[in-house]
Each structure stands twice: as structure tokens, then as C-alpha cells.
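Coordinates in review
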Amino acid sequence: MWPTWLVPLALLSNGTLPVGKFHGQSGNSSSSGRELRNVEFSVDEVLLLNRYFVDFLAAIDDQAAADSADPQCALAMRQLATGYLARERLGLEWFDSWGKIPSGLYHQNTYALGNVDQCRDIAEIRMQHCTFLGAPPGNLELLVSGLCVPQLCNPDFVQLLYAAYLKTQSVTLVPMVEQELLCIRDEEIQYDGAVITAIVVSSIIGLCVVCSTLYEFVAETLKRDPKLLYSSFSLLGNLRSILHLVPRVKSAQQRSSMIECAHGIRSLSMIWIIIVHIHEFLLVALWKNSPTMWKYIRSFVPSVLHFTGYLAVDTFLVLSGMLVAMSMLRELDKKGKINPLMLYLHRYIRITAPYAAMILFVVSFAQYTGEGVLWKVHMNGFKQSCVTNWWAALLHIQNYVAPNEMCLTWTWYLSVDMQLYIIAPALIYPLWRFGKRVLIGIAGLAVLSMACVLGTFLYNEFRLSLFAPDVDYRRYALTYYSTHARMAVWLWGLIFGYILHKTKDTGVNLSKRNWTAGWVACFTLLGLIVFSSYQIYVTDVADFSYVIDAFYEPLSRSVFAVCVMWIILACVNGKGGLLDEFLGASIWQPISRLSFTMYLLHVLLLMMASVAPDKTGAYFSVINLFYWIWGTIGLTTSVTLLWSAIFELPFVTLSKLLLRS
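Residues numbered from 1 in each chain as written. Predicted model: local features only at pLDDT ≥ 70, side-chain atom pairs only at ≥ 80, totals over all residues. Heavy atoms only, no water.

Going by what an unreviewed UniProt entry lists, the protein is known as Nose resistant-to-fluoxetine protein N-terminal domain-containing protein and is assigned to Aedes albopictus.

Quick look at the overall build of the protein now. The helix and strand inventory of the protein stands at 25 helices and five strands. When each of the 661 residues of the protein is scored for burial, the buried share is 53%. Long-range pairs, those at least 24 residues apart, make up 78% of the contacts in the protein with a sequence separation of at least 6. Summed over all atoms, the accessible surface of the protein reaches about 29,800 Å², with 62% contributed by carbon and sulfur. When the 48 basic and 46 acidic side-chain charges of the protein are each reduced to a single mean position, those positions are 16 Å apart. (Helix = DSSP H or I, 4+ residues; strand = E, 2+ residues; numbered from the N terminus. Buried < 20%, exposed > 50% of the residue type's maximum accessible area, 1.4 Å probe, protein only. Contact = heavy atoms within 4.5 Å. Areas by Shrake-Rupley, 256 points an atom, 1.4 Å probe, with all protein chains shown as cover. Lys, Arg positive; Asp, Glu negative; His and termini not counted. Charge placed at Lys NZ, Arg CZ, Asp CG, Glu CD.)

Let us look at helix 21 (residues 512-538). Between its first and last C-alpha atoms helix 21 spans 39 Å; for 27 residues at 1.5 Å apiece the expected length is 39 Å, and the two agree. Considered for burial, the residues of helix 21 that qualify are Trp515, Gly518, Trp519, Cys522, Ile529, Ser532, Ser533, Ile536, Tyr537 and Val538. Considering only its buried residues, helix 21 is in contact with helix 11 (290-298), helix 12 (300-306), helix 22 (546-572) and helix 23 (577-583). (Expected span 1.5 Å × (residues − 1).)

Before going further, it helps to examine the state of the cysteines. Scanning all chains against the criterion turns up four disulfides. Linked covalently through their sulfurs, Cys73 and Cys153 form a disulfide whose S-S length is 2.0 Å. Linking Cys73 and Cys153, the disulfide has an S-S dihedral of approximately 95 degrees and is accordingly described as right-handed. Taken together, the positions of Cys73 in helix 3 (residues 71-85) and Cys153 in the loop between strand 3 (143-150) and helix 6 (155-168) put the pair 80 residues apart, joining distant regions of the chain. Cys153 matches Cys73 in its accessibility class, with the two residues each being buried. Bridging Cys386 to Cys407, the disulfide has an S-S length of 2.0 Å. Because the sign of the S-S torsion sets the handedness, a value of about 85 degrees for the bond joining Cys386 and Cys407 places this disulfide among the right-handed ones. Pair noted here: Cys386 is in helix 15 (residues 375-394) and Cys407 is in the loop between helix 16 (398-401) and helix 17 (412-434), with a separation of 21 residues, a long-range link. Take the cysteines of the protein that form disulfides and number them in order along the sequence; they join up as 1-5, 2-4, 3-6, 7-8. Free of any disulfide, Cys261 has its nearest neighbouring cysteine sulfur in Cys571, separated by 4.2 Å. Cys261 gets classed as buried once you look at its relative accessible area, which sits at 2%. Residue Cys571 is classed as buried on the basis of its relative accessible area of 1%. (Disulfide = S-S within 2.5 Å.)

Its 22 residues place the ends of helix 10 (residues 261-282) 32 Å apart at the C-alpha level, agreeing with the 32 Å of an ideal helix rising 1.5 Å per residue. Among the 22 residues that make up helix 10, 19 are buried, leaving the element largely enclosed by the rest of the structure.

Empty space among the atoms can be located by rolling a probe the size of a water molecule over them. Enumeration according to the criterion identifies two cavities of 30 Å³ or more in this entry. As for the largest cavity, its lining consists of Ser449, Met450, Val453, Ala485, Arg486, Ala488, Val489, Pro554, Arg557 and Ser558. Residue assignment for the lining of the largest cavity shows that the elements contributing at least two residues are helix 18 (437-460), helix 20 (483-502) and helix 22. Taken together, the residues that form the lining of the largest cavity break down as six nonpolar, two polar and two charged. (1 Å grid on protein atoms, 1.4 Å probe; cavity = no way out; pocket = protein on both sides within 12 Å on 5 of 7 lines; lining within 4 Å. Points joined across faces, edges and corners; volume = space filled by probe spheres on them. Nonpolar A, V, L, I, M, F, W, Y, C, P; charged D, E, K, R; others polar.)

The next subject is the side chain of Asp70. Inspection of the secondary structure assignment puts Asp70 in the loop between helix 2 (62-67) and helix 3. Despite being buried, Asp70 has no salt bridge partner; Arg185 is the closest side chain of opposite charge, sitting 8.3 Å away. Beyond its immediate sequence surroundings of up to four residues, Asp70 is in contact with Leu152, Cys153, Asn154 and Phe157. (Salt bridge = Lys/Arg side-chain N within 4 Å of Asp/Glu carboxyl O.)

Right, let's get into a nonpolar patch on the surface. Residues Ile189, Tyr191, Ile196, Ile199, Val200 and Ile204 make up a contiguous nonpolar surface patch of about 550 Å² in total accessible area. The residue Ile204 is located in helix 7 (residues 193-221) in this model. (Patch = residues over 30% accessible without salt bridge, like charges linked within 9 Å, V, L, I, M, F, W, Y side chains within 5 Å.)

When pLDDT drops low, the exact placement of atoms in the prediction is not to be read closely. Summarising the model, the protein shows a mean pLDDT of 88, and 92% of its residues fall at 70 or more. In the model, residues 1-38 has pLDDT below 50 throughout and makes 99 contacts with residues more than four positions away in sequence or in other chains. (pLDDT = per-residue confidence, 0-100.)

Each pair of packed helices gets described by two things: the angle between the helix axes and the distance between those axes. Running from N to C, helix 10 and helix 24 (residues 589-611) point in directions that differ by 10 degrees, and their axes come no closer than 8 Å. As the angle between them shows, helix 10 and helix 24 are arranged roughly parallel. In this structure, helix 10 uses His263, Arg266, Ser267, Met270, Ile273, Ile274, His277, Ile278 and Phe281 to contact helix 24, whose residues at the interface are Gln589, Ile591, Ser592, Ser595, Met598, Tyr599, His602, Val603, Leu606, Met607, Ser610 and Val611. Taken together, the residues of the contact of helix 10 with helix 24 sort by class into twelve nonpolar, eight polar and one charged. (Axes fitted to C-alpha atoms, helices over the stretch in contact; angles between N-to-C directions. Parallel < 35°, antiparallel > 145°, perpendicular 65-115°, else oblique.)

Take the pattern of salt bridges next. Under the counting rule described, the total for this entry stands at 21 salt bridges. Across the pair Glu216 and Arg240 runs a salt bridge, and its minimum N-O distance is 3.4 Å. Remark: Arg240 occurs in helix 8 (residues 235-243) and Glu216 occurs in helix 7; sequence separation between them is 24 residues. The partly exposed category is assigned to Arg240, whose relative accessible area is 42%. Bridged by salt links that share partners, the residues Asp117, Arg120, Arg126, Asp186, Glu371 and Lys615 form one connected network.

Position of Leu323 among the secondary structure elements: in helix 13 (residues 312-335). A relative accessible area of 34% means that Leu323 is categorised as partly exposed. Separated by 175 residues in sequence, Leu323 and Tyr498 have C-alpha atoms that sit 9.5 Å apart.

Of all nine residues making up strand 2 (residues 127-135), eight are buried, and the element is well covered by its neighbours. Here strand 2 runs beside strand 5 (residues 183-184); their pairing, made up of two bridges, is antiparallel. The residue bridging Cys130 from the neighbouring strand is Cys183, located in strand 5. (Pairing = 2+ DSSP bridges.)

Positive phi outside glycine occurs at Gln108, with the angle close to 65 degrees. Look at Leu408: it is not a glycine, yet its phi comes out positive at around 60 degrees. On the secondary structure map, Leu408 appears in the loop between helix 16 and helix 17.

The next subject is the packing of aromatic side chains. Per the stated rule, a full pass over the model turns up 37 aromatic pairs. Pairwise contacts between aromatic rings join Phe53, Phe56, Tyr84, Trp94, Phe95, Trp98, Phe132, Tyr162 and Tyr165 into one cluster. Above the plane of the ring of Phe95 lies Lys100, whose end atom (NZ or CZ) is 4.6 Å from the centre. Sitting over the ring of Phe434, Arg433 keeps its end group 5.5 Å from the ring centre. (Phe/Tyr/Trp six-rings, centres within 6.5 Å; stacked < 30°, edge-to-face > 60°. Lys NZ or Arg CZ within 6 Å of the ring centre and 35° of its normal.)

This part is about the packing of helix 10 against helix 22. The contact between helix 10 and helix 22 brings their axes to 10 Å, and the two run at 145 degrees. On helix 22, the residues touching Cys261, Ile265 and Trp272 of helix 10 are Phe560, Val564, Ile567, Ile568 and Cys571. Counted by class, the contact of helix 10 with helix 22 contains eight nonpolar, no polar and no charged residues.

So, in C-alpha cells, the structure goes:
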């Protein structure tokens, strides 16, 4: 899902570098051609590694510089190196901003990124900060080093120059992404088609918001009812709609129609998904104490928060199937028919408008909103996938068209949800027309979906463990993103919605003993899922068969869905007790209304606020992780509040007016 920038991609070599013509002094009286051979690299060698590069640069002769791919850069680097050796302030400050040996080299702290801000703030000459990855001989981890080089230097040339030097030290430069993406430099905004389109669209939307807000404000001041068409973009009205708290209902019949506990379940599931993705980001952040982070990941509590949290998406699928069934069945009871095309249009506009705005932001403004050692790597990764597959994303088919290069990978859920919504009338109308007999067919489809996942796991011997030696990423395209593999839970939700619809007047009458047995079974199954998840994801895969993974994947999803449905059933029928009071509390309603846009935006916000802007390594601790979690929840909620008010609710209102007309 995330850009794996530490994995070598290709050998980048733009231009030629006459390596044999460059000579450097290695300090003291040793020659620059000193070969360390294939021995264990120690702290001393790493300590002097970049220091010897200064001597290498200072020894560049005029002919070698003239023959190089970037003569101006070669001469500028030589001048800075000479200034350092002469103890001139510019040279000293230049080298001081470089990455040096990090503390804890043998504790997997291999990030020597230097001081990015110091490099960029050098007044005498415009500088850029570039990051490189070197593989030393022996058993040391890959070294990540930051260098300060003049802005006029071509990043690819600097990469070749540094690689030529590292070769003399028996260190191999590991090519990653394009070197330009790993250089922080002054860059002007490129007014391409995406940026111009974004400026025009945002200007139009902004004008609509201002005019609509002023209109509603004036109308309310004059004590007149504003017309819905003109006030659809009003921040006042839309924020009021999102933040409005509806008191809990008393009537049992109204409670079965409202499903108040769904607000709490949806909100907690969204928070859980944020926590899951924060734990995923732990794996790509620049930690100075990586072993501490991995020790935390392997412990029980984070396993519950992280690995079991993948089931939170299944909660959304359950709720989606349930609510779709209930709403369509009510419509059929009222009118005897439904208009699928109108339903599709309303649904498409509702989920696509904020999604399209997000894609436009990613391909235009996102790359210019910050900087960091990995900023351009991550932002470019988002941008390129969206530039290529934006059309599949907006048609909600990218989980099949481009499962390995999806625009904003986490939005696979939108494709699955839209595709399931399209087939909903074909299942719900026969269910309404012919009754319970159709339930057998729907349940059969759910079982087939589960069998498909089981068979795929068994055939390919897929493993779920994060610590499996060979992770087969085909698993995601075949069993995680695909609609046919995820539809079982949605179908169980659809069946459950039919049951709630049929019992809305009478309720479900079970004896006290049966209700108690149901609660005991529910919590027992949830506990079993949590414990199994911990064992499967962190245990060495050599200790158990892949058959266990194959059965756990489809069964855990459906069993978890059954537990969620039981909780809803109990709450609707007044048997939820304190849990019903908690899940049905009005305070959950705003987060529930924002859950869609929170899901849409949270990963991008998390990336832009945490990993991408890093300019140095950070120390991992559990308390800082929880600050990170709460900060992400707060930031996501704040931004999505405005995003929903500007890009979601206005188009929902307009689509309703369009369909009504």
C-alpha cells in the first residue's frame, strides 16, 4: 500500500561519469583508492565515510570536471570541499549539515540524514538536500545518508558522483526511486493541466460556498426560509446538519427503524481503521530505535489494535448491506417498485463528488504543500497512480482494472461498496416479492464467496503473518480488494436487514436464557478472533500450516459480522443494556455522518502530517504513539468536517433536488 522507497528499484544512470579521473585523499597519509575489501564495516569506517568524500571532491581536477556530465556542479562541489579543508565558514557549515554516523549503529539506527534546514538556510549559495542509500560490506544494515549539495547540481549527477566515491570505499550505492524525488530543493509550481483545473474548480466551488453562505445568513437575518437550491453550498447550514444531535427515541418501533446503535458502531469502526493505518505507518517511518518498535508490534495489545482491526472494514460492509436492504424494502412497501437508475445516480454523486475533489488535490496541489526527506517519494507515488488510473477510480472499478496500482489504495472499499450497491436491487426485489425462499440463494452466494477466498488461499498457499519470509502481495488483489471475495459479509448484512425490516413492528422475542446465551456466544467468538489473530499474525509461519490461514481469513470475517449483527439486534430490541446506551449516545452522530469522508481522507492526512514531512529520524515510544493516534483523529475530524460541508453535502442536496424534479 505504501511506497517502499527502501527497496532498490533500478539502476539510475543519466549521463556518464569518468570515475577513473577522480581521486581523493582519505585523510592522514592513506591513498584515496583505499579498499576496505569485504570485511565487517565498523563504527570508525562509517564515522569517516562522508569525511573522506570531502577529500574525494577536493581532488577533482579541471579536466575531470570538464569531462563530467555536470561540469558546474563538479566545480562547485570541489570549491566547497576546498573551503572546508581551508576552514572557511561556508565550507564548515556546508559539511556540518551532512549526515554523520548515527548513535546505535548496531541497534538498527542507520539514519544519518543530517540537518535539512541548516543545509537549506545557507545564505551564500542556494543548496539542496539529497538522501542516498548505501550498502556497506559485512553485516551492517543499509546506511541512509543525507548530503548538502548546490542547487545547480543535477540530482542524478550527484548520485553518480557519490556512487563513484562509495565504490572506492567498498560500499555500494543502492538505487531507489528517481534521485530527484529524494532531493529537497527550491521548486516553482508547474502550472500543468491538473494544477490549472484544480485552481479553476476550487475557485468555482469557493465562490459557490461564499455566495451560498452569505445568502443563508441574510435569509436567516431577515427571518425568511432560504431556498434549498441556493443554500446547498452554505457552510452554516451544512455544518449545522453535520453537528446536529438528534435525541434518542423512546418508541420501540422508532428504535428499530433508526438503528441508533449503528452510529456508535460506525464511529468506533472508523476510529479503529485510523489506528490500524497508524500502525501500518510505523513500518515505514524513520525510527532511530526500530527494534523497540518491532518489539511493540509483536506484543499482544498492538496486535489487537492492528491485525484484528482489519475486520473493522467488514463492519462497514455489514452496515452497508443492512441499511441498503432496509431502505429499499421500505421503498418497495411504500410504492411497490424502485427506480434503480435513480438510486445509482444518487449514490454515485454522493460518494464520487468528495472522492473526485480528493483525487484532483492529490494530482495538483498535494506535492507543493510541504517538504521532507520522503515527501516527494510519497506524494509522487500517490500522484502517479491517480494520473494513470483516475478514470477507473471515478468509475469505481479499479479494484479489478488496476488492483496493484490503484489510485489511493485504501479507497478500494468505494469500488466494492458501489459494485455491491449496483447488484442490490437484483437481490432485494426478489426477496421482497418472494419472501424467505430467496434467502437461501443469497446465503448460498455468501458461502460461495467464502469458499472462493478459502480456495484461493489453499491453492496459492497464502500466509497472513506480517513476519512471513516471502510475502505474496497477490493476496491483496485476489482476496482483499476484489468484490467477489468481500461480498459474503455484505450479503449477511443484507439478510440481517431483511430480518430487521420484517420484525420492525413485533421485535424479536427470545427468552432471557436465549438472550444471555447469545451474548456469551458473541463475546466468546470475539475473544477467539482476537486471540487467533494475535497467534496467526505474529507466530513464525513455520510453526503452523497455511491451511489455518486459509480457513481463518473467510471465517473470521463472517463470524465477526455475525457478532456485530447480534449487538445491533440486541440493541434494537432493548436488550443491549449499557452497551446500547453507549453505542446509541447522540455524541456519536457527527462522527458517524463524517465517517465516509474520514475514511476517504485519513490516510493522506496521516501521511502529510507524520511520515512524509520527516527531516530526521524519530524515537519510537508507546506514549508518543498514542499522541499520534489522538492527533490523527483530531486532525482527520477537523479537516473532514470542512471537506464534507463543501464537497459532500452540497452535492447530496443537489442530487436530491435533481431526482425530485
